[in-house]
Amino acid sequence: RMPILEQCYNLMDFEAVARNVMKKTAWAYYSSGADDEITMRENHSAFHKIWFRPRVLVDVEKIDFTTTMLGTKVDIPFYVTATALGKLGNPEGEVVLTRAAKKHNVIQMIPTLASCSFDEIMDAAEGDQVQWMQLYVNKDREITKKIVQHAEKRCCKGLFITVDAPQLGRREKDMRSKFTDTGSNVQAGSSTDNSQGAARAISSFIDPGLSWKDIPWFQSITKMPIILKGVQRVEDVIRAIESGVQGVVLSNHGGRQLDFARSGIEVLAEVMPVLRERGWENRIEIFVDGGVRRATDIIKALCLGAKGVGIGRPFLYAMSAYGQPGVDRAMQLLKDEMEMNMRLIGCSSVEQLNPTLVDTRGLSMH
Ligand code: FNR
């Protein structure tokens with residue numbers, strides 16, 4: 001009775017299937033958000049407050065939506081963002097995402113808390129396939145230094161330091177479903193308390209003392225571009241630029257951390273005008289994640305000034321329900337949607353996307 005893969009017509013369809021076929025604990029870990037899950041729901045619905053102002057009578061016969069992120073050319077402006085514990089959903093874990101990312105020429109961000117080892121994921125990559133590293137910073141900086149330098153040695157092209165998780169959020173669905181799986185070989189080690197759900201069980205090593213003062217240290221131990229993942233206000237974007245990092249991800253961790261954090265797309269609409277006023281819009285690459293489910297969401301983010309968007313749960317659900325063919329299809333659906341919607345708003349390339357193509361009056365900043 002499970003729908004065949006060809007019956008999934010959009011990214012939401014994978015979620016509906018996954019919900020029915022996944023193990024309860026895995027579903028609880030992937031799908032949960034913090035507290036009342038207000039932010040998690042807002043992430044997708046915030047995109048619904050933005051409308052298009054399409055252009056007509058432009059030649060849209062050929063559509064090219066390739067772009068670059070941190071210097072890497074990609075087929076479409078999204079990347080697979082870091083999500084921990086891939087083996088909860090699929091016995092092969094994150095390498096499934098690696099293979100799909102290769103096929104579609106997009107970048108995968110490898111989580112610190114992957115189920116597969118870092119090297120297994122790097123080994124699954126082929127040829128010049130580009131990957132990024134997501135970093136949870138350990139209280140023991142020597143461990144962190146080793147992780148970072150190993151990632152650089154293995155040719156990771158970006159270090160995404162997660163800055164929105166000094167303590168893991170309270171995801172009650174996850175806590176209720178007692179976490180007993182051993183789907184991970186993560187660095188957290190043995191002293192884990194499973195009564196708090198999967199997330200908390202694996203995250204006790206994260207340093208809540210991490211601060212802006214640490215940024216120069218990261219810059220001293222690696223030449224990889226540094227991107228702060230989880231920035232939520234314009235003041236911090238400015239501080240990031242002043243600190244000399246190469247990027248920020250406007251993100252609330254998929255609604256899994258601070259409930260009532262604003263959506264990344266909403267924050268983007270606040271950030272870009274301020275940067276443009278200062279002439280700083282090219283000093284940093286801005287990414288957005290959270291609730292991206294449609295190519296129109298991607299297009300809206302790019303119109304507002306993002307370089308690319310991260311997508312998390314949909315690929316986990318596709319991988320859990322259908323394995324790699326599921327992730328392939330999810331990515332292909334986004335490419336198909338992208339081609340059509342670029343055409344319908346009257347843009348044949350990513351460079352043409354600009355703020356005049358969106359009506360943001362529905363966002364709460366107005
Ligand atoms: C995450 N996310 C995340 N982020 C991070 O920096 N380190 C991590 O280990 C994880 N783990 C993780 C697990 C799961 C199951 C989810 C759903 C998310 C957050 C992730 O990178 C991203 O910010 C959100 O997933 C984006 O929102 P969507 O696309 O899932 O709505």
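All of these numbers come straight from a predicted model, not from anything done at the bench.

Trainee: An account of the overall build of the chain is needed here, citing residue identities and associated values.
Mentor: A count of helical and extended segments in the chain gives 13 helices and 12 strands. In terms of overall dimensions, the chain is globule-like: its C-alpha atoms have a radius of gyration of 19 Å, near the 21 Å expected for 366 residues. In terms of overall dimensions, the chain has a C-alpha envelope of 60 × 55 × 45 Å along the principal axes. Residue burial in the chain is summarised as follows: out of 366 residues, 51% are buried. Relative to all contacts within the chain whose residues are 6 or more apart in sequence, the contacts with residues 24 or more apart total 72%.

Trainee: Which residues make up the site of the ligand, and what are the values?
Mentor: Near the ligand lie 24 residues; those nearest to it are Ala-84, Thr-162, Gly-254, Gly-312 and Arg-313. When residues of the shell around the ligand are traced back to their parent elements, those giving at least two are α2 (24-31) and β11 (308-311). Here the shell around the ligand is composed, by residue class, of eight nonpolar, 12 polar and four charged.

Trainee: Tell me about the pairing of β11, and please be specific about residues and values.
Mentor: Consecutive residues of a regular strand have side chains that alternate between opposite faces of the sheet. Alternating positions in β11 separate into two faces, Gly-308 and Gly-310 on one and Val-309 and Ile-311 on the other, with burial throughout. Alignment of strand β4 (residues 78-80) against β11, held across three bridges, turns out to be parallel. Bridging across to β11, Phe-78 finds its partner in Val-309. Between strand β10 (residues 285-289) and its parallel partner β11, the chain crosses via helix α12 (residues 295-303), and the hand of that crossover is right-handed.

Trainee: Give me the packing of α12 against helix α13 (residues 313-345): which residues, what numbers.
Mentor: Here α12 crosses α13 at 55 degrees, and the two axes come no closer than 8 Å. Judged by the inter-axis angle, α12 sits oblique to α13. When you trace α12 past α13, the crossing you get is right-handed. Here Ala-295, Thr-296, Ile-298 and Ile-299 of α12 come into contact with α13, specifically with Leu-334, Glu-337, Met-338, Asn-341, Met-342 and Ile-345. Residues belonging to the contact of α12 with α13 are distributed by class as follows: seven nonpolar, two polar and one charged.

Trainee: Outline the environment of Met-342, listing residues and values.
Mentor: The residue Met-342 is located in helix α13 in this model. C-beta crowding within 10 Å serves as the criterion here: with 23 such atoms nearby, Met-342 is assigned to the buried category. Not counting chain neighbours up to four residues away, the residues in contact with Met-342 comprise Ile-63, Phe-65, Ile-299, Cys-347 and Ser-348.

Trainee: An account of the environment of Cys-155 is needed here, citing residue identities and associated values.
Mentor: When you line up the elements, Cys-155 lands in the loop between α6 (141-153) and β7 (159-162). Among the residues examined, Cys-155 registers 13 C-beta atoms within 10 Å and is labelled partly exposed. For the pair formed by Cys-155 and Val-130, sequence separation is 25 residues and the distance between their alpha carbons is 8.1 Å.

Trainee: Let's hear about the environment of Asp-123: which residues, and what values?
Mentor: Position of Asp-123 relative to the elements: it lies in helix α5 (residues 118-124). Residue classification places Asp-123 among the partly exposed positions, given that 13 C-beta atoms sit within 10 Å. For the pair Asp-123 and Thr-98, spaced 25 residues apart in the sequence, the C-alpha separation amounts to 9.6 Å.

Trainee: With reference to specific residues and values, describe the packing of helix α4 (residues 95-104) against α13.
Mentor: Axis separation between α4 and α13 bottoms out at 9 Å; the angle between their running directions is 15 degrees. The pairing of α4 with α13 is recorded here as roughly parallel in orientation. Judged by the twist between their axes, the crossing of α4 over α13 is left-handed. Two secondary-structure elements touch here, α4 through Val-96, Leu-97, Arg-99, Ala-100, Lys-103 and His-104 and α13 through Phe-315, Met-319, Gly-323, Gln-324, Val-327, Asp-328 and Met-331. When its residues are assigned to classes, the contact of α4 with α13 shows seven nonpolar, three polar and three charged.

Trainee: I'd like a rundown of the confidence of the model for the chain, residues and numbers included.
Mentor: With 93% of its residues at a pLDDT of 70 or more, the chain shows a mean pLDDT of 93. Taken together, the chains of this predicted complex give a pTM of 0.95 and an interface ipTM of 0.99.

Trainee: I'd like to hear about the nonpolar core, residue by residue, with values.
Mentor: One finds Leu-159, Phe-160, Val-248 and Leu-268 to be the most contacted residues of the largest nonpolar core, which totals 109 residues. It is α13 that contributes the most residues to this core, 15 residues altogether. Not counting chain neighbours up to four residues away, the residues in contact with Leu-159 comprise Met-133, Leu-135, Val-148, Ala-151, Thr-222, Met-224, Pro-225, Ile-226 and Ile-227.

Trainee: An account of helix α3 (residues 38-45) is requested, with residue identities and associated values reported.
Mentor: Of the positions making up α3, those classed as buried are Thr-39, Met-40, Glu-42 and Asn-43. Seen along its axis, α3 keeps its buried residues to an arc of 165 degrees; they face one direction.

Trainee: Describe the pairing of β7, with residues and values.
Mentor: The alternating pattern of β7 places Leu-159 and Ile-161 and Phe-160 and Thr-162 on opposite faces, both of which are buried. Note that strand β6 (residues 131-135) and β7 share three bridges and pair parallel. Of the residues in β7, the one forming a bridge with Gln-134 is Phe-160. In this sheet, strand β8 (residues 226-231) lies alongside β7 in parallel orientation, the contact comprising four bridges. Counterpart to Thr-162 in the pairing with β8 is Lys-229.

Cut-off values and rules
- Residues numbered from 1 in each chain as written.
- Predicted model: local features only at pLDDT ≥ 70, side-chain atom pairs only at ≥ 80, totals over all residues.
- Helix = DSSP H or I, 4+ residues; strand = E, 2+ residues; numbered from the N terminus.
- Rg over C-alpha atoms; globule rule 2.2 N^0.38 Å.
- Buried ≥ 20, exposed ≤ 12 C-beta atoms within 10 Å, placed from the backbone.
- Contact = placed C-beta atoms within 7 Å.
- Near = placed C-beta within 6 Å.
- Nonpolar A, V, L, I, M, F, W, Y, C, P; charged D, E, K, R; others polar.
- Pairing = 2+ DSSP bridges.
- Right-handed = clockwise from strand over helix to strand, strands pointing away.
- Axes fitted to C-alpha atoms, helices over the stretch in contact; angles between N-to-C directions.
- Parallel < 35°, antiparallel > 145°, perpendicular 65-115°, else oblique.
- Left-handed = near helix turned anticlockwise from the far one by under 90°.
- pLDDT = per-residue confidence, 0-100.
- Core = buried A, V, L, I, M, F, W, Y, C linked by C-beta atoms within 7 Å.
- Arc of directions from axis to C-beta.

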